[in-house]
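Given next are the chains, with one letter for each unit.
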Amino acid sequence: MSAKISVIIPTYNRQEFLVRAIESVLGQTCADFELIVVDDGSTDDTPRCVAGYGGQVRYVYQENRGPAAARNTGIRAAEGELLAFLDSDDRFAPEKLAVQQAAMAARPDYLISHTDEIWYRRGELLHQKKKHHRPHGFIFSQCLKLCVVGMSTVMARREFFARIGYFDEELPCCEDYDLWLRASVFLPFLKVDRPLTIKDGGRPDQVSVRFRAGMDKFRIRAMVKLLGRQDLRDEQRTLARRELARKCRIYGNGCVKHGRPEEGRYYAELAADVLR
């Protein structure tokens, strides 16, 4: 018998997109799943919107604490052995859960899988760059540079979170980068070579847009935390130090350029310290 899937949608004031996300889950070819919507303190009509689906959707409300906390709340509430995530402004292809569940059933040695995505920006199809290629297997080196695992593409076994931990709630963004980086130290990622998630971007309310100029600041924080671990192999530690220094130089130069010289000096000094 297939393991039940818990689909977790965190949301905050996105009622106009949430309906489309919910419908994309309820329209799946796979029937054995539960859908949990975690409302991170919305002030719009999100509660009424979700209530319209009755028992098809579990609604969990919390005070506004950010996407990491909302996802963690969903993980704790989930009853399935497989957990899938969907941002409230994204949507699943109809066969997403069935295809990914089958892929993980065929490879029980993997605790986590991800898929390709289709990207739209302001309604126009985007051609993804080579650097956005979704990797397979041991992906630590790729995870250092940028977030190569799309949040809405992930399906993970419950054991994954027992071993790796949850999303870091102190990070206002890049919490997914942090978690995949931590996991990739010793876990392989199963790549399902199909575009099973549709992602719409380019809006000012998105976290990736609001923090676009400063995202490396949070990646740097994640990498500093990573280098404090004792279980990194020598090769991994060397790669992490080099990438951390590179990010510090880039972010520090940006700070100076935008009139924040003290912050710029801090990151320049951090880059030098890392390479000593």
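Above this text is the structure in question.
Residues numbered from 1 in each chain as written. Predicted model: local features only at pLDDT ≥ 70, side-chain atom pairs only at ≥ 80, totals over all residues. Heavy atoms only, no water.

Draft legend 1. Summary view of unusual backbone geometry. Unlike most non-glycine residues, Asn-13 shows phi in positive territory, near 50 degrees. Checked against the element boundaries, Asn-13 lands in the loop between β1 (5-11) and α1 (15-26). Positive phi values are uncommon outside glycine, yet Cys-174 reaches one of about 65 degrees. Judged by its relative accessible area of 5%, Cys-174 falls in the buried class. (Helix = DSSP H or I, 4+ residues; strand = E, 2+ residues; numbered from the N terminus. Buried < 20%, exposed > 50% of the residue type's maximum accessible area, 1.4 Å probe, protein only.)

Draft legend 2. Inspection of the pattern of salt bridges at higher detail. Applying the stated criterion across every chain yields a total of 26 salt bridges. In this structure, the salt-bridge partner of Arg-65 is Glu-169, at a minimum N-O distance of 3.1 Å. One end of the pair, Arg-65, is in the loop between β3 (58-62) and α3 (67-77); the other, Glu-169, is in the loop between α6 (158-164) and α7 (175-184), with 104 residues separating them in the sequence. With its nearest N and O atoms 2.4 Å apart, the salt bridge here joins Glu-175 to Arg-71. Of this pair, Glu-175 sits in helix α7 while Arg-71 sits in helix α3, placing them 104 residues apart in sequence. Judged by relative accessible area, which is 4%, Glu-175 ranks as buried. We classify Arg-71 as buried; its relative accessible area is 5%. What you see here is one network of salt bridges that share partners, running through Lys-4, Glu-34, Arg-58 and Glu-79. (Salt bridge = Lys/Arg side-chain N within 4 Å of Asp/Glu carboxyl O.)

Draft legend 3. Highlighting the nonpolar core. By size, the foremost hydrophobic cluster in this structure holds 54 residues, and its most contacted members are Phe-85, Phe-160, Phe-161, Phe-167, Trp-180, Leu-181 and Leu-226. It is helix α9 (residues 215-227) that provides the largest number of residues to this core, a total of 7 residues. Core analysis: the second largest hydrophobic core is formed by 29 residues, Leu-18, Leu-97, Tyr-110 and Leu-190 among them. (Core = buried A, V, L, I, M, F, W, Y, C linked by side-chain atoms within 4.5 Å.)

Draft legend 4. Here's a closer look at α3. Of all 11 residues in α3, 8 are buried; the element is thus mostly enclosed. Taken residue by residue, α3 has Ala-68, Ala-69, Ala-70, Arg-71, Asn-72, Thr-73, Gly-74 and Ile-75 as its buried positions. Tucked into the core, α3 has its buried residues touching β1, β2 (33-40), β3, β4 (82-85), α6 and α7. (Contact = heavy atoms within 4.5 Å.)

Draft legend 5. Representation of the packing of α9 against helix α11 (residues 261-274). Where α9 contacts α11, the two axes come as close as 13 Å, and the packing angle between them is 35 degrees. Note that α9 runs across α11; the crossing there is left-handed. Touching Lys-217, Ile-220 and Val-224 of α9 are Glu-263, Tyr-267 and Leu-270, all from α11. Its residues assigned to classes, the contact of α9 with α11 shows 4 nonpolar, no polar and 2 charged. (Axes fitted to C-alpha atoms, helices over the stretch in contact; angles between N-to-C directions. Left-handed = near helix turned anticlockwise from the far one by under 90°. Nonpolar A, V, L, I, M, F, W, Y, C, P; charged D, E, K, R; others polar.)

Draft legend 6. The arrangement of the side chain of Asp-176 in detail. With respect to the element layout, Asp-176 can be found in helix α7. The charged side chain of Asp-176 is buried without a salt bridge, its nearest counter-charge being Arg-71 at 5.7 Å. Residues in contact with Asp-176, not counting those within four places in the same chain, are Cys-147, Met-151 and Phe-167. (Lys, Arg positive; Asp, Glu negative; His and termini not counted.)

Draft legend 7. Up close: the side chain of Arg-134. Here Arg-134 shows up in the loop between β7 (124-125) and α5 (140-145). For Arg-134, a relative accessible area of 6% puts it in the buried group. Of note is the side chain of Arg-134, whose polar atom sits 2.5 Å from the side chain of Glu-117. Residues contacting Arg-134, with those up to four places away along its chain left out, are His-114, Thr-115, Asp-116, Glu-117, Trp-119, Cys-147, Val-148, Val-149, Gly-150 and Lys-191. (Polar contact = N/O pair within 3.5 Å; in protein donor to acceptor, adjacent residues only side chain to side chain.)

Draft legend 8. How the structure looks around the packing of aromatic side chains. The full count for this structure, using the stated rule, is 9 aromatic pairs. Between Trp-180 and Phe-189, the aromatic rings sit 6.5 Å apart at their centres with planes inclined by 85 degrees, giving edge-to-face as the arrangement. Using a relative accessible area of 1% as the deciding quantity, one classes Trp-180 as buried. Judged by its relative accessible area of 0%, Phe-189 is buried. Feature note: the residues Phe-85, Phe-160, Phe-161, Tyr-166, Phe-167, Trp-180 and Phe-189 constitute an aromatic cluster, connected by ring pairs. Here Arg-71 stacks its cationic end above the ring of Phe-167, 5.5 Å away from the centre of that ring. Positioned above the aromatic ring of Tyr-177 is the side chain of Arg-219, whose terminal nitrogen or guanidinium carbon lies 5.6 Å from the ring centre. (Phe/Tyr/Trp six-rings, centres within 6.5 Å; stacked < 30°, edge-to-face > 60°. Lys NZ or Arg CZ within 6 Å of the ring centre and 35° of its normal.)

Draft legend 9. Structural view of α7. Counting buried positions along α7 gives 10 out of 10 residues, so the element sits mostly inside the fold. Among the residues of α7, those classed as buried are Glu-175, Asp-176, Tyr-177, Asp-178, Leu-179, Trp-180, Leu-181, Arg-182, Ala-183 and Ser-184. Next to the buried residues of α7 lie α3, β6 (112-121), α5, α6, α9 and α10 (234-257).

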